[in-house]
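Here are the chains, one letter per residue:
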Amino acid sequence: LEQKVMADLKTAMLAKDEKSLRALRAIKAAIIVAKTAQGAGGEVKEEEETKLLQKLVKQRKDSLEIYEKQNREDLAAKEREEIEVIEKFLPKQMDENELKEVISKIIKETGASSPADMGKVMGMANKQLSGKADGKTIATIVKDILAGKP
């Protein structure tokens, strides 16, 4: 990931692509922080990279929501642009129908029958769907299925 980001960073610099530069620099900084946290010569595993990228996207989505509430379209547009660039490095996200299918299987496997069993289901769902969907979406679908909503 780091090499790909560096290559894209060079390309963006040459093209004077400001929106890509902002997002790529954020990714590079997050990778450096993660490597530093592991000590000298630390390597960041692929699954950690995915979590790192998801965290960056989530931060930007949270900011985007705030900016939209405050009618700050100028700032909201920057967040949307950065989300778009960062998502290019993430694995393909599952759509809602695919998620419902996988989560329904997990619910059957765990024997969950009511919203009180949500914790059991979420634990397995988060492990199986890590990197393929964000936790908020997974939780919403689990809640809906356990509550009997289609």
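Everything in this summary refers to the structure shown in the same document. Each residue is numbered by its place in its chain's sequence as written, counting from 1. Where local features are concerned, this predicted model is filtered to residues with pLDDT of at least 70; where side-chain atom pairs are given and counted, the filter is 80 or more; whole-chain, interface and lining totals use all residues. Side-chain figures throughout are based on the complete set of non-hydrogen atoms in the structure, without hydrogens or water.

1. Observations concerning the environment of Gly135
Here a strand is any run of E in DSSP of at least two residues, a helix any run of H or I of at least four, and the numbering for each starts at the N terminus. Checked against the element boundaries, Gly135 lands in helix H7 (residues 135-146). Distance in space between the C-alpha atoms of Gly135 and Met94 is 12 Å, their sequence separation being 41 residues. In this description, contact between two residues means that some pair of their heavy atoms is separated by no more than 4.5 Å. In contact with Gly135, not counting residues within four places along its chain, are Met122 and Asn126.

2. Some details on unusual backbone geometry
Residues other than glycine seldom take positive phi values, yet Lys16 does so here, at roughly 55°. Despite not being glycine, Asn71 has its phi angle at roughly 55°, a positive value. Looking at the element boundaries, Asn71 is found in the loop between helix H3 (46-69) and helix H4 (73-87).

3. Comments concerning the packing of helix H6 (residues 118-128) against H7
In the contact formed by H6 and H7, the axes pass within 10 Å of each other and the chain directions differ by 140°. By the criterion of interaxial angle, the relationship of H6 to H7 is oblique. Of the two elements, H6 crosses H7, and the hand of that crossing is right-handed. Contact residues: H6 offers Met118, Val121, Met122, Ala125 and Asn126, while H7 offers Gly135, Ile138, Ala139, Val142, Lys143 and Leu146. In the scheme used here, Gly and all other residues not listed as nonpolar or charged are polar, with Ala, Val, Leu, Ile, Met, Phe, Trp, Tyr, Cys and Pro taken as nonpolar and Asp, Glu, Lys and Arg as charged. Class assignment for the residues of the contact of H6 with H7 results in eight nonpolar, two polar and one charged. Only C-alpha atoms enter the line fits that serve as axes; for helices the fit covers just the stretch in contact. Angles between N-to-C directions range over 0 to 180 degrees. Roughly parallel refers to an angle under 35 degrees, roughly antiparallel to one over 145, roughly perpendicular to one between 65 and 115, and oblique to any angle outside these ranges. Crossing chirality is assigned from the near helix's rotation relative to the far helix, an anticlockwise turn below a right angle marking it left-handed and a clockwise turn marking it right-handed.

4. Quick notes on the environment of Ala125
Residue placement: Ala125 occurs in helix H6. C-alpha separation for the pair Ala125 and Ala139, spaced 14 residues apart in sequence, amounts to 8.9 Å. Filtering out sequence-adjacent residues up to four positions away, Ala125 remains in contact with Ile106, Ser130 and Ile138.

5. Side note on the nonpolar core
By size, the foremost hydrophobic cluster in this structure holds 22 residues, and its most contacted members are Leu24, Ile27, Leu52, Leu53, Leu56, Ile86 and Phe89. The leading source of residues in this core is helix H2 (residues 18-37), at seven residues. Leaving out residues up to four positions away in the same chain, Ile86 has contacts with Ala23, Ile27, Leu53, Leu56, Val57 and Arg60. Take the buried Ala, Val, Leu, Ile, Met, Phe, Trp, Tyr and Cys residues and link them wherever side-chain atoms come within 4.5 Å; each set so joined is a nonpolar core. With a 1.4 Å probe rolled over the protein chains alone, any residue whose accessible area is under 20% of its type maximum counts as buried; one over 50% counts as exposed, and the rest are partly exposed.

6. A look at the pattern of salt bridges
In the sections that follow, a salt bridge refers to a side-chain nitrogen of Lys or Arg positioned within 4 Å of a carboxyl oxygen of Asp or Glu. Inspection of the entire model under this criterion finds 12 salt bridges. Note that Glu68 is salt-bridged to Arg80, the shortest N-O span being 3.0 Å. Highlighted residues: Glu68 in helix H3 and Arg80 in helix H4, separated in sequence by 12 residues. Judged by its relative accessible area of 42%, Glu68 is partly exposed. The partly exposed category is assigned to Arg80, whose relative accessible area is 34%. Via salt bridges that share partners, Arg22, Arg60, Glu81 and Glu82 belong to a single interconnected network.

7. Description of the packing of H2 against H4
Two elements in contact, H2 and H4, have axes whose closest approach is 9 Å; the angle formed by their N-to-C orientations is 60°. Classified by the angle between their axes, H2 and H4 sit oblique to one another. Crossing geometry of H2 relative to H4 is assigned as right-handed. Mapping the contact onto sequence places Lys19, Ser20, Arg22, Ala23, Leu24 and Ile27 in H2 and Lys78, Glu81, Glu82, Glu84, Val85 and Ile86 in H4. When the residues that make up the contact of H2 with H4 are grouped by side-chain class, the tally is five nonpolar, one polar and six charged.

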